[in-house]
Amino acid sequence: MKLEDKIKNIIDNSGGDISVVFKNLKNNYCININENKVFPSASTIKLVIMATFLKKVRDGLVKLEDNIVLLNSHKCGGDGILKELNEGHIFTYKEIITFMIIISDNTATNILIDFLGMDEINSMAESLNLKHTRIKRKMMDSEAVKQGMDNFTTAKDLASFLTLLYNKEIINENYSYIMLEILKRQQVKGRLDLYLPEDLCIAHKTGDLDRLEHDVGIVYTKNINYIICVLTSNIDNKNGREFIGRISKQIYDNVINS
């Protein structure tokens with residue numbers, strides 16, 4: 001059975017909505033399944049926020065070493081550690097970006113959204129030709145969601161972002177390298193990596209909401225590196241993580257045995 005058919009079989013048995021993009025970075029072979037389906041982005045939107053901030057750094061409008069003081073007014077719920085700390089802690093913006101990515105800290109994310117503005121983030125998405133990726137609300141803003149404002153993306157958009165990043169084409173080589181090194185330190189796991197070797201290097205970003213699980217990243221193997229984006233919805237979260245893990249394992253096994 002072909003790899004694509006194996007993946008479709010997993011999707012057909014999921015009972016929910018799943019999009020998959022796989023791209024072999026050695027020969028550019030791709031599998032695209034429901035790649036243009038629009039999903040709430042959850043924390044995958046943080047990839048674009050990170051890139052937008054680093055563009056500001058390149059343009060000399062802010063420095064990664066600049067400090068920001070944590071205020072109680074910054075704090076919000078959901079993932080992260082900053083909400084648990086006392087007001088007055090001082091962090092660099094690079095630390096704030098790192099918190100946003102490797103532990104998906106929502107307070108760190110909202111600090112950056114406030115600094116950048118949503119229009120700037122959406123302009124960055126447009127400049128990268130991410131056709132369906134937009135930010136319309138801050139993290140944990142349930143009132144905005146009730147009013148129909150959410151953040152959205154597709155597996156195709158996220159794969160395009162990761163391809164540009166892998167090729168060091170987001171902003172420039174230096175800032176692409178910075179982003180990749182942060183993504184490789186990801187601590188939110190149990191999705192793409194669920195059934196993969198523990199020592200495997202993956203530069204990735206997860207996202208989750210109620211009945212929604214995403215994980216998108218670049219997997220580095222000995223001979224072949226590849227991009228994998230799996231977005232899921234309308235599946236309970238435990239099963240969503242399981243299906244991402246199973247699809248990831250199918251792709252990994254195919255890559256290393258090819």
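It should be noted that the structure appears before, not after, this text.
Summary of the structure given here. None of the values given here were measured: they were computed from a predicted structure. One numbering rule holds for all chains: residues counted from 1, following each sequence as written. Only residues with pLDDT of 70 or above have their local features reported here, since the model is predicted, and side-chain atom pairs are shown and tallied only from 80 upward, although totals for entire chains, interfaces and linings are computed over all residues. Side-chain numbers here rest on the full set of heavy atoms in the structure, without hydrogens or water.

## Some points on the packing of aromatic side chains
Paired rings are identified among Phe, Tyr and Trp, the last through its six-membered ring, by centres lying within 6.5 Å, and are further divided according to the angle between planes into stacked (under 30 degrees), edge-to-face (over 60) and tilted (the rest). This structure, assessed with the given rule, holds seven aromatic pairs. When the centroid spacing of 6.3 Å and the interplanar angle of 65° are considered together, the rings of Phe22 and Tyr29 count as edge-to-face. We classify Phe22 as buried; its relative accessible area is 1%. Taking 5.6 Å as the distance between ring centres and 65° as the angle between the ring planes, the aromatic pair formed by Phe22 and Tyr226 counts as edge-to-face. Highlighted residues: Phe22 in strand S1 (residues 17-24) and Tyr226 in strand S9 (residues 225-233), separated in sequence by 204 residues. Relative accessibility decides the category of a residue: with a 1.4 Å probe and only protein chains considered, values under 20% of the type maximum give buried, values over 50% give exposed, and everything between is partly exposed. Taking the relative accessible area as the measure of exposure, Tyr226 reaches 0% and is therefore buried. Two conditions define a charge located above a ring, namely a distance within 6 Å from the ring centre to NZ of Lys or CZ of Arg, and an angle within 35 degrees of the ring normal. For Lys184, the ring lying beneath its charged end belongs to Tyr220, and the centroid distance is 4.7 Å. For helices the rule is a DSSP run of H or I covering at least 4 residues; for strands it is a run of E covering at least 2, with both sets numbered from the N terminus onward.

## Considering the state of the cysteines
Here, a disulfide means two cysteine sulfur atoms that sit within 2.5 Å of each other. In the structure shown here, the tally under the stated rule is zero disulfides. No disulfide involves Cys30; its nearest neighbouring cysteine sulfur is the one of Cys229, lying 11 Å away. For the unlinked cysteine Cys201, the closest cysteine sulfur is that of Cys229, found at 16 Å.

## Notes on the environment of Ser258
Structurally, the position occupied by Ser258 is in the segment after helix H9 (237-256). Judged by relative accessible area, which is 67%, Ser258 ranks as exposed. Each C-alpha atom of the pair Ser258 and Leu47 lies 30 Å from the other, and the pair is 211 residues apart in sequence. A polar side-chain atom of Ser258 sits 2.7 Å from the main-chain carbonyl oxygen of Val255. In the analysis that follows, any N or O atom pair within 3.5 Å is treated as a polar contact, provided that within protein one partner can donate a hydrogen and the other can accept it, and provided that, for residues neighboring in sequence, both atoms belong to side chains.

## As for the side chain of Thr52
Residue position: Thr52 is located in helix H2 (residues 46-58). Polar contacts involving the side chain of Thr52 include one to the main-chain carbonyl oxygen of Val48, which spans 2.7 Å.

## As for the packing of H2 against helix H8 (residues 173-183)
Across the interface, H2 lies against H8 with an axial gap of 10 Å and an inter-helix angle of 145°. The crossing of H2 and H8 is right-handed. On the side of H2, the interface is formed by Leu47, Met50, Ala51, Leu54, Val57 and Arg58, while H8 contributes Tyr175, Ile178, Met179, Ile182 and Leu183. Simply put, an axis is a line fit to the C-alpha atoms, just over the touching stretch for a helix, and the angle between two N-to-C directions goes from 0 to 180 degrees. Handedness of a helix crossing follows the sense of rotation of the near helix relative to the far helix, less than a right angle counterclockwise being left-handed and clockwise being right-handed. Here, residues are in contact when the closest pair of their heavy atoms is within 4.5 Å.

## Quick notes on the sheet that holds strand S8 (residues 212-220)
If you trace the five strands from one edge of the open sheet to the other, you get S2-S1-S9-S8-S7, paired in antiparallel fashion. Each edge of the open sheet carries a strand with a single partner, namely strand S2 (30-33) and strand S7 (201-209). In this sheet, adjacent strand axes meet at a mean angle of 5° when their direction is disregarded. Relative to S8, S7 runs antiparallel, the two sharing nine bridges. Note that in S8 the partner of Leu209 across the bridge is Leu212. Helix-sheet contacts for helix H7 (residues 155-166) involve S1, S8 and S9, and the interaxial angle to S9 is about 155°. Together, S7 and S8 form the strand contacts of H8, whose direction differs from that of S7 by roughly 70°. When DSSP finds two or more bridges between two strands, those strands count as paired.

## Side note on the pattern of salt bridges
Only one rule defines a salt bridge in this text: a Lys or Arg side-chain nitrogen within 4 Å of an Asp or Glu carboxyl oxygen. Under the defined criterion, the tally for this structure stands at 13 salt bridges. Note that Arg134 is salt-bridged to Glu126, the shortest N-O span being 3.7 Å. In this structure, Asp253 engages Lys249 in a salt bridge whose closest nitrogen and oxygen atoms are separated by 2.8 Å. Here the residue Asp253 and the residue Lys249 both occupy positions in helix H9, the gap between them amounting to four residues, near one helical turn. A relative accessible area of 25% places Asp253 in the partly exposed class. Ionic contacts of the salt-bridge type, sharing partners, join the residues Arg191, Asp208, Glu213 and Arg241 into one network.

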